[in-house]
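# Survey of secondary and tertiary structure
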Amino acid sequence: MGKQDKNEILDVTQEELKELRQTIEKSGFSERHKAILLTLIEEIVSIKNNAAEKRAKLKRIRRMFKNSSEKQQQQDESSQDPESKPESEPKPRPKNHGRNGHDKYRPSEVTAHPHQELQSGQQCPECNHGTLVRLKPGKVIRIVGNAPLEAHLHEPERLRCGGCGKVFTADLPKEIAQSKADASANSIVAFFHYAMGIPFYRLAAIQNKMGVPLPASTQYEMLELLWTQVAPVFKILLRIAAGWPLMFLDDTPSKVLDFIKEKEARKKAKQRVGVFTTAIIARNGEREIHLFFTGRKHAGENLGELLSKRDENSSPPIQMSDALSSNLINDHLTVVALCLVHARRNFIDCEDDYEDEAAYIIERIGLVFKNERHAKQLKMSDIQRLEYHRQNSSKPMDEIRAYAEKQIKSGDYEPNSPIFQAFEYLLKHWPGLTKFLEAPGAPIDNNDSERLIKRFILYRKNSLFYKTENGAKVGDCLMSLVQTCIAADENPIDYFTQLQKNSQHVAKNPQLW
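A brief structural summary. (Residues numbered from 1 in each chain as written. Predicted model: local features only at pLDDT ≥ 70, side-chain atom pairs only at ≥ 80, totals over all residues. Heavy atoms only, no water.)

Looking now at the overall build of the protein chain. Across its full length, the protein chain holds 20 helices and 7 strands. When contacts within the protein chain are restricted to residue pairs at least 6 apart in sequence, long-range pairs at least 24 apart make up 66% of them. (Helix = DSSP H or I, 4+ residues; strand = E, 2+ residues; numbered from the N terminus. Contact = heavy atoms within 4.5 Å.)

Have a look at this one:
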């Protein structure tokens, strides 16, 4: 046996440690020396496990703060490796090159430019025997800058009698006399605030520089007026979403200033003090409804409240989430599917310290996602997708389970080590993680709701908090309608504007809107 390199890290299994302890116990050392050696072994094992756990936690934290995907990290690492790609290889043209055709634009103004010298029906000046025929006009897009909101000055004529002094003023159109802001202005403020995450004070600063002052308080008054007109549609949307067969859900911490005042009193009463925003995606085929709920309830409680509007005779919906207990509901029956990406992420976090174990699991989960991509490309029905996964994904999932059980029973890992906890998570939540092999239409990941919750995180990052509980209700309603429009590839500004212009009809028949 060669000499151990002092820089080489020696991996020791649990069996070897057990044999070492037994050897020390049977040795001729004094009891004092035996105790010292056994203590040193336990301390070294503890230090090694703690170091691996800290590295896994740091990797998770770095991934959160770097705000980059795993694929992006792999690309960054390969770009830093000079041997990863030869210098002579030409760079591929980027997909998002910034050029859009005219059909991608929705022009606010169309200007026709007639030919300066020729007209349809005239003789061709080139050949002198053909006749010019009008074709479809060319398309040239020109971008024009403007303030987000403009001010239009209306000057009603005023007449005064030279004898009695009475002043006669022209009547303004009804919509101008009733409200200072046009319906389109309310819609734009809602879009900027709840879709783009632009806080009131920032939009106020922009408008002030553009010569059209719009204070933050005025913006909220505009949104509150908009909310009263679109709230009936939101209630109908909740009822429709409750009846759909698939629900994705996730939540994140939120802040409502009025709730902070109650914090100490609620602590003393041993009541919940946390505030959360839940994002729920209800899906039916290709259609989606995006919903937000802010308050003291967790995601599972908000889903339960939504399902209380569901027809009792309907079959249970599929619920996709991570494995947190706060996502589960007790008062309604659902088919619980759990996110396979969360299970995979546990092995990504500890692959530096347990490379072989993590690679085995990650490779087989990759086969499952490859099968899922293939099913989507072929646009399989739910039944066809289920049969395809049973034929092609059952084997890698069975291998994952068998491998995890073997590693747990081997005794090679401390129970508090990251890799042991990753295996334990897999086995504990196995029925939910493999629901896509049992239930037609059950998804394999919760990426959609995690992407949706980031829309609220963007809002929270910029606006920081809701001031009142009513303000949170306004935000939930408008953000839900905005994101549902975006999911349907509809213009939320046009939608909000039409709801306001037809507010009386909307109030009477919200289901038509």
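Their axes nearest at 9 Å, the elements helix H11 (residues 340-349) and helix H12 (residues 355-377) cross at an angle of 150 degrees. In this view, H11 runs roughly antiparallel relative to H12, as classed from their interaxial angle. For the pair H11 and H12, the sense of crossing is left-handed. Contacts between H11 and H12 involve Leu340, Val341, Arg344, Phe347 and Ile348 on the former and, on the latter, Ala358, Ile361, Ile362, Ile365, Val368 and Phe369. By residue class, the composition of the contact of H11 with H12 is 10 nonpolar, no polar and 1 charged. (Axes fitted to C-alpha atoms, helices over the stretch in contact; angles between N-to-C directions. Parallel < 35°, antiparallel > 145°, perpendicular 65-115°, else oblique. Left-handed = near helix turned anticlockwise from the far one by under 90°. Nonpolar A, V, L, I, M, F, W, Y, C, P; charged D, E, K, R; others polar.)

With that settled, consider a nonpolar patch on the surface. A cluster of nonpolar side chains, contributed by Phe29, Ile36, Leu37, Leu40 and Ile44, occupies part of the molecular surface with about 440 Å² of accessible area. Looking at where Leu40 falls in the secondary structure, it is placed in helix H2 (residues 31-66). Of the residues examined, Leu40 reaches a relative accessible area of 45% and is grouped as partly exposed. (Patch = residues over 30% accessible without salt bridge, like charges linked within 9 Å, V, L, I, M, F, W, Y side chains within 5 Å. Areas by Shrake-Rupley, 256 points an atom, 1.4 Å probe, with all protein chains shown as cover. Salt bridge = Lys/Arg side-chain N within 4 Å of Asp/Glu carboxyl O. Buried < 20%, exposed > 50% of the residue type's maximum accessible area, 1.4 Å probe, protein only.)

Attention now goes to the sheet that holds strand E3 (residues 246-253). Spatial ordering of the open sheet is given by E5-E4-E3-E6-E7, a layout of 5 strands whose pairing is mixed. For this open sheet the edge positions go to strand E5 (287-295) and strand E7 (335-338), each flanked by a neighbour on one side alone. With direction set aside, neighbouring strand axes in the sheet form an average angle of 25 degrees. Across 4 bridges, the pairing between strand E6 (residues 318-321) and E7 is parallel. (Pairing = 2+ DSSP bridges.)

Extensive coverage of H11 is indicated by the burial of 8 of its 10 residues. Listed in full, the buried residues belonging to H11 are Leu340, Val341, His342, Ala343, Arg344, Phe347, Ile348 and Asp349.

Let's shift gears to the packing of aromatic side chains. Enumeration over the complete set of coordinates arrives at 11 aromatic pairs. Ring geometry for Tyr403 versus Phe423: centroids 5.9 Å apart, planes at 65 degrees, classification edge-to-face. Of this pair, Tyr403 sits in helix H14 (residues 394-410) while Phe423 sits in helix H15 (residues 418-428); the two residues are 20 residues apart in sequence, bridging distant segments of the chain. There is no split in this pair, since Tyr403 and Phe423 are both buried. An aromatic cluster is built from Phe347, Tyr354, Tyr360, Tyr403, Tyr413 and Phe423, whose rings are joined through pairwise contacts. The ring of Phe168 has Lys166 sitting right over it, with the charged end atom 5.5 Å from the ring centre. A cation over a ring is seen here: Arg296 above Phe259, with NZ or CZ 4.4 Å from the ring centre. (Phe/Tyr/Trp six-rings, centres within 6.5 Å; stacked < 30°, edge-to-face > 60°. Lys NZ or Arg CZ within 6 Å of the ring centre and 35° of its normal.)

Looking now at the pairing of E5. For E5, the buried fraction is high: 7 of the 9 residues fall into the buried class. In terms of strand pairing, strand E4 (residues 276-284) meets E5 through 9 bridges, oriented antiparallel. Counterpart to Ala282 in the pairing with E5 is Ile289. Hairpin connection from E4 to E5: 2 residues lie between these consecutive antiparallel strands, with Gly285 at a positive phi of about 65 degrees.

Applying the stated rule across the entire model yields 14 salt bridges. One salt bridge in this structure joins Glu288 and Arg283, with 2.6 Å as the shortest N-O distance. Using a relative accessible area of 23% as the deciding quantity, one classes Glu288 as partly exposed. Measuring nitrogen to oxygen at the nearest pair gives 3.9 Å for the salt bridge that ties Arg364 to Glu363. One network of salt bridges, with partners in common, ties together Arg283, Glu288, Asp448 and Arg451.

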